[in-house]
Amino acid sequence: MTIKPGSSLSRRGFLAGACCAAAAPVLTPFSVAAAPGESRFVTIILRGGMDGLDLVQPYGDAAFAGLRPTLGLTPGTGLVDLDGFFGLNPAASALMPLWQENALSFVHAVATPYRDGRRHFDGQTMLENGGTDASQKSGWLNRTLAVIPRTDGRKALDIHTSMELILSGPNKADNRAGTGDVEMAQDEIGFLDRLYAADAPFAAAMEEVKRTGFSAGGYRQKRNRSVVDMARLAGGMLREDYRIASFSINGWDTHVEQASQFGSVAGELAAAIVALKDALGADAWARTVVLAVTEFGRSVRENGTGGTDHGTGGVAVLAGGAVSGGKVMGTWPGLAEDRLLDGQDLMPTGDVREIAAAMLHKQFGIAPDKLTSRVFPGLSFDRSSIYLQG
Amino acid sequence: MAISRPTLAAIRYGYGLRPGEEPPRDAEALLAQLDQAAKRKPRFPREGAGGRRETASRVMSLRAAEAKAAKDGKPNESIRKETQKEALQIYRQDAMARLAQAILSPFGFHERLASFWTDHFSTSALKSLPMRMVVPLYEAEAIRPNLAGSFANLLKAAMLHPAMLIYLDQSDGAGMDAPAGRPGGRAVNESLGRELLELHTLGAGSGYTQEDVRAAALILTGLSVDRRALEVVYRPRISEGGSISLLGEVYEDDEAGSQDHLRMLEDLAMNPMTAEHVCRKLVIHFVADEPPADVVAAMTAAWAETEGDLKAVYRAMLDHPRAWSDPGQKIKRPFEFVVSGFRAVDISDKDLSRLLDEMDDDDQEDDGPMRKALKMASSTAARADAKQRAARANDLTLAALQRMDQPIWQPPSPAGYADLASVWLSPGQLSERIAWARLMAGRFGQRRDPGTFLDAALGDAAGQNTRDVIAQAPNTNHAIAMVLASPEFNRR
């Protein structure tokens, strides 16, 4: 099976597929949230290319251990088993209570329509503009605001020092900086090392900066603290009259020493989701969907420096009381050599835009044709989407 | 890879590239800026020179009256506080205008020279409360109009400005053997004479003696500041009389004019030691920490030939091949770094005003439009927001310069700010610059294409490694921050 760029697997095919992961879906028809105007939707953008194969590890796939000799885990070596085939990276184990409450799902082997380039900027642009190329200048979450039937469901907030693309566009959205400056992620520090590598005096100064720690006034806060603060801020605003929020977690570009880098940033993601839940309170949480997505997944094989390189298929995270959770969704393409995209990447079998469309339909009652014409032009999506099942 | 001449002209002799601004093509284009810029008034002091004198005079009279009342047992704390606050706010407005002037002016060479000479003839806004208002006036009326004429005129304008006399404690004639003109009486304050010889003209180690310092100080006696009018005045009754010799010249007070100090300044301006000292300093500032001797020699020759015509001196530097070779040896000073960063993101006049407004909104008693709105909302969240916005605007501008050790108009000593890579390339400095670059990227870098931004900021000065790293950065924000934090952007 080959998938052309931009195409998505038939959703009906999902049910018939040889998927070993998803629990048999319960085919209860979906109904719009009981109290319109109370539903909430949060996006978390994972910048840098989150390695879905590290977060949700297919330890049941025969090829996995060979492809990931040092990064791959099993329940015997600490992996938190999810369903007998997939397991959760232990760094994110703070999410397990949500899994047990059916408030957490993962969708595996998904991607945006971005293919081949494997460049962060273009990948993130398409993740945020919701298009099939980088030309669209507004964000899909911003375009969503115009088609939400109830005006009181349109109050949206981006938490960042300036408005991120996903909420930029013609429709009103608010922007608020987090409570502190986010400390640099490990991958960002690694890039600074490379930036200064060709200039000896700068390289020497950078070494010393790293040795003594960034003491500059701009870094007021520990990184994990500020990620949690962003989530708390979002939760607090959503508990009031905001209904849509978005923020980003950087640090996923794990080319080297992934085991430690990924662990710390995966821990932050888990902590952010838990903080969001706490800040929302039980009632609001029950009506919330959180969608965490990245610009692309990473190469299925480990590289020579204990990391992974830019890839294609990856994982989307769904959390919240409004999620029918407790399962790993998606069509598992397999990791055998002939199942990989270009012989190196996890084959995408689903479009992250469809997940987003399904959640927006579910939360706000937006008609599918509006979603496929105005929010995600060209997307194939209707009420029979697998992401609306069960 | 050789850097093209326009790129080098903008980075080495100006405040860097700015989108939409044609970089100077060559030496002639740089020199032409000096004529063009001479016709423009700087953005500070905000009320203009005359207006500033009125403001300062009013504030100082209020404080003088309060001080007098306090002596009589009737202090007025609120007058003290309010005038303090007003002076601080005026300083902040002017400092932001100073920043805007450097960022938005298309005459980068003129702007760099304005900074160079303001620094050469250092005064500090930290000296006293009135100085917060007087130092901007000093740069606007003593330095800027005179930086492309003769050095003698610039020297006289700087030395005979109230800011210099206040800064070096000559303002009240204090420190002089005032009442009876008895040199053997109280000690003469030598600081003005000392800095004149050591910093402003001959230069340290040029061979003058302690007697010369004392002689210069004596010749300068009688100069004082009329604090009401904010003008330098000459008070013969406190001047040292008699004839004083300095470096082989004899200076004598004549009863009528007492212009001996002017003659001394003119003589010092023509002294070859002065030419050597100042030309070296110019080359250290613009070209290299270790100034190439042949460039300095070409400049001192022009100095001698033209009796210190500064434009001819600049031309001698710019016409030298070394002025256009070996790029990147200097580390930008913090002010240059910050200004060039704002130019790279092409900040508008409006956005700069907004930063100042955001800072002002933090003043609790200040009733700006934003503050009024906040009062009505009376929401603590909104207030906290405004506070945070104010802190951020400050972190991007004045506080950033403070943390990087080059606050506007506050040099650490009369010698001005350091100008060597050993000072400005340190771990602490790099840490601050990275932090600032990240703040800038967060506020102004959103949705920029990193490759386009790199070209706009550095043109062909960007090396291959930097290009590669920027192209592969894990997110746009970090890419934009790395352009500003890159070695090429911090060198010139």
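Residues numbered from 1 in each chain as written. Chains lettered and ligands numbered in written order. Predicted model: local features only at pLDDT ≥ 70, side-chain atom pairs only at ≥ 80, totals over all residues. Heavy atoms only, no water.

1. Section: the overall build of chain A
Thought 1: Summing up its helical and strand segments, chain A has 12 helices and 12 strands in all.
Thought 2: Within chain A, the fraction of its 390 residues that count as buried is 61%.
Thought 3: Nonlocal contacts in chain A, meaning residues at least 24 apart in sequence, comprise 75% of its contacts between residues at least 6 apart.
Thought 4: Put simply, chain A shows about 13,700 Å² of open surface, and 53% of that area lies on carbon and sulfur atoms. (Helix = DSSP H or I, 4+ residues; strand = E, 2+ residues; numbered from the N terminus. Buried < 20%, exposed > 50% of the residue type's maximum accessible area, 1.4 Å probe, protein only. Contact = heavy atoms within 4.5 Å. Areas by Shrake-Rupley, 256 points an atom, 1.4 Å probe, with all protein chains shown as cover.)

2. What about the pairing of strand β10 (residues 314–319) of chain A?
Residues and elements named next belong to chain A.
Thought 1: For β10, a buried count of six out of six residues is recorded, marking the element as mostly surrounded by other parts of the structure.
Thought 2: In this structure, strand β9 (residues 288–294) lies alongside β10, joined through three bridges in antiparallel fashion. Paired with Ala292 across the bridge in β10 is Val317. (Pairing = 2+ DSSP bridges.)

3. Structural notes on the environment of Gly190(A)
Thought 1: Among the secondary structure elements, Gly190(A) is positioned in helix α7 (residues 186–196).
Thought 2: Expressed as a C-alpha distance, the spacing of Gly190(A) and Ala357(A), which sit 167 residues apart in the sequence, is 35 Å.

4. Considering the interface of chain B and chain A
Thought 1: On the side of chain A, 47 residues touch chain B, which itself brings 40 residues to the contact.
Thought 2: Both sides of the chain B and chain A interface together cover about 3,500 Å² of buried area, and 58% of this is carbon and sulfur.
Thought 3: Joining chain B to chain A, the criterion identifies two salt bridges.
Thought 4: Between chain B and chain A we count 10 residue pairs in polar contact (both at pLDDT 80 or more) in total.
Thought 5: Every element with two or more residues in the side of chain B that touches chain A is listed here: α18 (380–396), α21 (427–444), α23 (464–472), α24 (476–485) and α25 (487–490) of chain B.
Thought 6: In terms of residue count, α21(B) provides more of the side of chain B that touches chain A than any other element does, 10 residues in total.
Thought 7: Its residues placed into classes, the side of chain B that touches chain A shows 17 nonpolar, 14 polar and nine charged. (Buried area = accessible area lost by both parts, 1.4 Å probe. Salt bridge = Lys/Arg side-chain N within 4 Å of Asp/Glu carboxyl O. Polar contact = N/O pair within 3.5 Å; in protein donor to acceptor, adjacent residues only side chain to side chain. Nonpolar A, V, L, I, M, F, W, Y, C, P; charged D, E, K, R; others polar.)

5. Looking at the sheet that holds strand β4 (residues 87–88) of chain A
All names here are of chain A.
Thought 1: Reading across the sheet, the three strands line up as β2-β4-β3 and stay open at both edges, with antiparallel pairing between neighbours. Each edge of the open sheet is held by one strand with a lone partner, namely β2 (56–57) and β3 (80–81).
Thought 2: Judged from the two bridges that link them, β3 and β4 form a sheet pairing that is antiparallel. Its bridge partner being in β4, Val80 is matched across the sheet by Leu88.

6. Focus: helix α16 (residues 349–360) of chain B
Residue and element names in this part refer to chain B.
Thought 1: Given a rise of 1.5 Å per residue, 12 residues ought to cover 16 Å, and the 17 Å separating the end C-alpha atoms of α16 matches this to within 8%.
Thought 2: Buried within α16 we find Leu352, Leu355, Leu356, Glu358, Met359 and Asp360.
Thought 3: In this structure, the buried side of α16 is in contact with α4 (77–104), α15 (334–344), α18, α19 (398–403) and α21. (Expected span 1.5 Å × (residues − 1).)

7. Here's the deal with the packing of α4(B) against helix α6 (residues 129–143) of chain B
Residues and elements named next belong to chain B.
Thought 1: Closest axis-to-axis distance for the α4/α6 pair is 8 Å, and the angle between their directions is 25°. Classified by the angle their axes make, α4 and α6 are roughly parallel. In the crossing of α4 with α6, the sense of the turn from one axis to the other is left-handed. For the pair α4 and α6, the contacting residues are Thr83, Gln84, Ala87, Leu88, Ile90, Tyr91, Asp94 and Arg98 in the first and Leu129, Arg132, Met133, Pro136 and Glu139 in the second.
Thought 2: Counted by class, the contact of α4 with α6 contains seven nonpolar, two polar and four charged residues. (Axes fitted to C-alpha atoms, helices over the stretch in contact; angles between N-to-C directions. Parallel < 35°, antiparallel > 145°, perpendicular 65-115°, else oblique. Left-handed = near helix turned anticlockwise from the far one by under 90°.)

8. Here we look at the packing of α7(A) against α24(B)
Thought 1: Running from N to C, α7(A) and α24(B) cross one another at 35°; their axes reach a closest spacing of 11 Å. Here α7(A) runs over α24(B); the crossing is right-handed. Judged by residue contacts, Glu188(A), Phe191(A), Leu192(A), Leu195(A) and Tyr196(A) of α7(A) engage His478(B), Met482(B) and Ala485(B) from α24(B).
Thought 2: The class makeup of the residues in the contact of α7(A) with α24(B) is six nonpolar, one polar and one charged.

9. A short note on the confidence of the model for chain B
Residues and elements named next belong to chain B.
Thought 1: Per-residue confidence for chain B averages 89 on the pLDDT scale, and 90% of its residues sit at or above 70.
Thought 2: Throughout residues 173–186 the model reports pLDDT below 50, and contacts reaching past four residues in sequence, or to other chains, amount to 29 contacts.
Thought 3: The ipTM assigned to the predicted complex is 0.90, against a pTM of 0.83. (pLDDT = per-residue confidence, 0-100.)

10. Details of the side chain of Thr476(B)
Thought 1: Mapping Thr476(B) onto the fold places it in helix α24.
Thought 2: Here Thr476(B) falls in the buried class, since its relative accessible area comes to 18%.

11. Digging into the nonpolar core
All names here are of chain B.
Thought 1: Trp117 and Phe342 are the most contacted members of the largest nonpolar core, which has 156 residues in total.
Thought 2: Considering each element in turn, this core owes the most residues, 11 residues, to α4.
Thought 3: Both of domain 1 (168–269) and domain 2 (334–490) provide at least three residues apiece to this core.
Thought 4: Excluding residues within four positions of it along the chain, Phe342 makes contact with Leu99, Ile103, Ile347, Leu355, Leu396, Thr397, Trp436, Met440 and Phe444. (Core = buried A, V, L, I, M, F, W, Y, C linked by side-chain atoms within 4.5 Å. Domains from an automatic or database assignment.)

12. What to know about unusual backbone geometry
All names here are of chain B.
Thought 1: Between Phe44 and the following residue, Pro45, the backbone shows a cis peptide bond with an omega angle of -10°.
Thought 2: Tracing the sequence through the fold places Pro45 in the loop between α2 (27–38) and α3 (48–71).
Thought 3: Phi angles above zero are rare outside glycine, and Leu230 is one such case at about 55°.
Thought 4: In this structure, Leu230 sits in the loop between β1 (223–226) and β2 (231–234).
Thought 5: A relative accessible area of 1% places Leu230 in the buried class.
Thought 6: The phi dihedral of Asp326 falls on the positive side, at around 45°, and the residue is not glycine.
Thought 7: The residue Asp326 is located in the loop between α14 (310–318) and α15 in this model.

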